[in-house]
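Spelled out, the chains give:
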There are 2 protein chains.
Amino acid sequence: MKDRYVIGIDLGGTKISGAVANFKGDIISQYTLPTKAEEGEKAVLERIIKVVEKVINESNVDKEKIVSIGIGSPGPLDAKEGKIITTANLPFKDFNIVNPLVEQFHIPAYLDNDANVAAIGEYIFGAGKGTNNMIFITVSTGIGGGAILNGKIYRGNTYNALEIGHMTLDEKGPRCNCGNYGCAEALASGTAIGKIATEQVKKGFKSSLGNYDQITSYEVFKEAEKGDILAKDVLYKALNYLGICVANMITSFDPELVIIGGGVSKGGSIVFEKVKEVVKTRCLKAMWESTKIVPAALGTDAGVKGAIALAIMESK
Amino acid sequence: MKDRYVIGIDLGGTKISGAVANFKGDIISQYTLPTKAEEGEKAVLERIIKVVEKVINESNVDKEKIVSIGIGSPGPLDAKEGKIITTANLPFKDFNIVNPLVEQFHIPAYLDNDANVAAIGEYIFGAGKGTNNMIFITVSTGIGGGAILNGKIYRGNTYNALEIGHMTLDEKGPRCNCGNYGCAEALASGTAIGKIATEQVKKGFKSSLGNYDQITSYEVFKEAEKGDILAKDVLYKALNYLGICVANMITSFDPELVIIGGGVSKGGSIVFEKVKEVVKTRCLKAMWESTKIVPAALGTDAGVKGAIALAIMESK
């Protein structure tokens, strides 16, 4: 692997970030452009190509030594075909993003969704290094997941495996964006925490949360820490459901490690203590004893690092 | 694979059944002895050996051509070590069942739990033939499962993967034997159906179920079919939870096929219609559209056939 390099591209609704890295994950060059999704498919594709050109040039790496390109994108997408099916914040509809990159740069390119890319990133560079079976769960505006099973990313039949935000945890729970009721995402995501708190305040429950125009999960965490009863109640209920979600994942996959990332995981020890407590109550002993639950290790560059890891995994 | 044979052993609480078969699964010879678990580890082991000797002799197959032995047993067990940890209806405690067979017959032997063995059986000989990712769920006294992922049995870190009977489906649901509340097994197993119906009758609800001394799931199915309102209510609630369990499996594993076996699956179209209806409501469209849900294809010989399939899978 000496003297071989990859390119990682993190395709997001606000920015396109790319980097050239070696197989240890050391970034040689990095460049970022705004996405400007409103300009449409062609303009965004051109900006992606510009980012790739720029990082290749600035890296001073011989292009022949760059063996693959990894692209992380919001989904749903078809990883096998390299096609983005649709996303909320990007212009692409049934758009093959891999082919134009291969044509332009003559380097094999691989696409996968955000959660899988983050899982691969943690597996190769982060908290999952050295494991064989691990689950990654991201909890922010939504809830998503990825699984490394027997040392490989597990994608499932339609590339939707680990869509765990849509696991039903309360059959009569709140309606989810997907149309179902009581999904993990409608009970325990950052969006859900903010929404439930707002509803409770509107109902007239006394709370320091009433001082905010718009209540987000960040405010709920902040006021819960200060001791506000409503904030604590909303938070504990959400974290209880997150714990059940993690417990059900452990019961199903029997992994050695569960990594929790995303905005909500940054709530720190309150999150991990509650999740571990629920898992201990709800999983068989052999399983909770043998499964570590830890925060994601990759920080702000997780998207690009994950895309680099995807490129490395696919070129092995 | 021509002219190569395997032995399959189905180790149960009431009987030990063994067979010699070719790689197509055709049984050449079969023999069954009562388990007589009360006689202890040594006596049961001797009977297992006797079954194996008998099927080898009666098969008229050259022993050199028998390449492996597969053993299916209730768990929990350590498939890697070949050790039964403990089971409700067998005398073995931390007992290595594989080593004495290897020593006696000089044939490699492999152990796995009932649900995994049934999954492998369906994958190689039954409803799962030709698939790549499939989930097997057995619903009888308990609920268990097994997964074939990317063409291989997925066992997890502690060989407990797919312990889906202990997935939490209702955080405030009835207490399960495992100590947790609202497990799938406590809501949707055959045992649960009988128990919930009995409780309702004891509470004084009018029902033709009141005519039975002991209400089992069989009676609930029978009276529901005749139109008894309580029986129908109990059954639909249980099947709703079974549907949620299947939906959560599809959301997690994104399989191409879910096979449902065990006593409750023999309830027929009422079971499969209800499960499919719930899955359609609770899974993302791309996933329910692409996942078939079918009954297990292997019948009374499922245990032996599964053990044969395990032996074949391990010797490939």
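Residues numbered from 1 in each chain as written. Chains lettered and ligands numbered in written order. Predicted model: local features only at pLDDT ≥ 70, side-chain atom pairs only at ≥ 80, totals over all residues. Heavy atoms only, no water.

### Let's talk about the side chain of Glu219 of chain A
Residue and element names in this part refer to chain A. Relative to the helices and strands, Glu219 resides in helix α6 (residues 217–226). Within the buried core, Glu219 has no salt-bridge partner, and the shortest N-O distance to an opposite charge, that of Lys222, equals 4.6 Å. The contact partners of Glu219, leaving out residues within four places of it in the chain, are Leu209, Tyr212 and Gln214. (Helix = DSSP H or I, 4+ residues; strand = E, 2+ residues; numbered from the N terminus. Buried < 20%, exposed > 50% of the residue type's maximum accessible area, 1.4 Å probe, protein only. Lys, Arg positive; Asp, Glu negative; His and termini not counted. Salt bridge = Lys/Arg side-chain N within 4 Å of Asp/Glu carboxyl O. Contact = heavy atoms within 4.5 Å.)

### Re the packing of helix α1 (residues 41–59) of chain B against helix α2 (residues 98–105) of chain B
Residues and elements named next belong to chain B. Closest axis-to-axis distance for the α1/α2 pair is 11 Å, and the angle between their directions is 40°. In terms of their interaxial angle, α1 and α2 are classed as oblique. Two packed elements cross with a definite hand, and for α1 against α2 that hand is right-handed. Across the interface between the two elements, Leu45, Ile48, Ile49, Val52, Glu53 and Ile56 from α1 touch Pro100, Leu101, Gln104 and Phe105 from α2. Residues that form the contact of α1 with α2 fall into these classes: eight nonpolar, one polar and one charged. (Axes fitted to C-alpha atoms, helices over the stretch in contact; angles between N-to-C directions. Parallel < 35°, antiparallel > 145°, perpendicular 65-115°, else oblique. Left-handed = near helix turned anticlockwise from the far one by under 90°. Nonpolar A, V, L, I, M, F, W, Y, C, P; charged D, E, K, R; others polar.)

### Observations regarding the pairing of strand β4 (residues 66–73) of chain B
Residues and elements named next belong to chain B. Burial runs high along β4: seven of the eight residues are buried. Sheet topology places strand β1 (residues 5–11) next to β4; six bridges connect them, and they run parallel. Paired with Asp10 across the bridge in β4 is Gly72. Alignment of β4 against strand β8 (residues 109–113), held across five bridges, turns out to be parallel. Its bridge partner lying in β8, Ile71 is registered against Leu111. (Pairing = 2+ DSSP bridges.)

### Overview of the pairing of strand β3 (residues 27–34) of chain A
Bridging between strand β2 (residues 15–22) of chain A and β3 of chain A involves seven bridges; their strand directions are antiparallel. Looking across to β3 of chain A, one finds that Ala19 of chain A is bridged to Gln30 of chain A.

### Comments concerning the interface of chain A and chain B
Counting residues at the interface gives 39 residues for chain A, matched by 39 residues for chain B. In this assembly, chain A packs against chain B so that about 3,300 Å² is buried in total across both faces, 48% of it on carbon and sulfur atoms. The largest per-residue losses of area from chain A upon contact with chain B belong to Tyr154, Glu171 and Arg282 of chain A, which jointly make up 20% of the total buried on that side. Inspection of the region where chain A meets chain B yields zero salt bridges. (Buried area = accessible area lost by both parts, 1.4 Å probe.)

### Description of the domain arrangement of chain A
The extent of an interface is frequently quoted as the accessible surface area lost upon association of the parts. Residues and elements named next belong to chain A. According to the domain assignment, chain A contains domain 1 (5–121 + 300–314) and domain 2 (130–295). On a C-alpha basis, the centres of domain 1 and domain 2 stand 28 Å from each other. Each partner contributes to the interface: domain 1 provides 14 residues, whereas domain 2 provides twelve residues. Among the residues domain 1 hides against domain 2, the three largest losses belong to Ala115, Asn116 and Ala119. Together they make up 40% of the total. Remark: the boundary between domain 1 and domain 2 carries two salt bridges. As a salt-bridge pair, Glu314 and Arg155 come within 3.1 Å of each other at their nearest N and O atoms. Counting across the domain 1 and domain 2 interface gives two residue pairs in polar contact (both at pLDDT 80 or more). Broken down by secondary-structure element, the contributors of at least two residues to the side of domain 1 that touches domain 2 are β5 (77–78), β8 (109–113), α3 (114–125) and α10 (302–314). Examining the composition of the side of domain 1 that touches domain 2, we find that five residues originate from one element, α3, more than from any other. A breakdown of the residues in the side of domain 1 that touches domain 2 according to their chemical character gives eight nonpolar, two polar and four charged. (Domains from an automatic or database assignment. Polar contact = N/O pair within 3.5 Å; in protein donor to acceptor, adjacent residues only side chain to side chain.)

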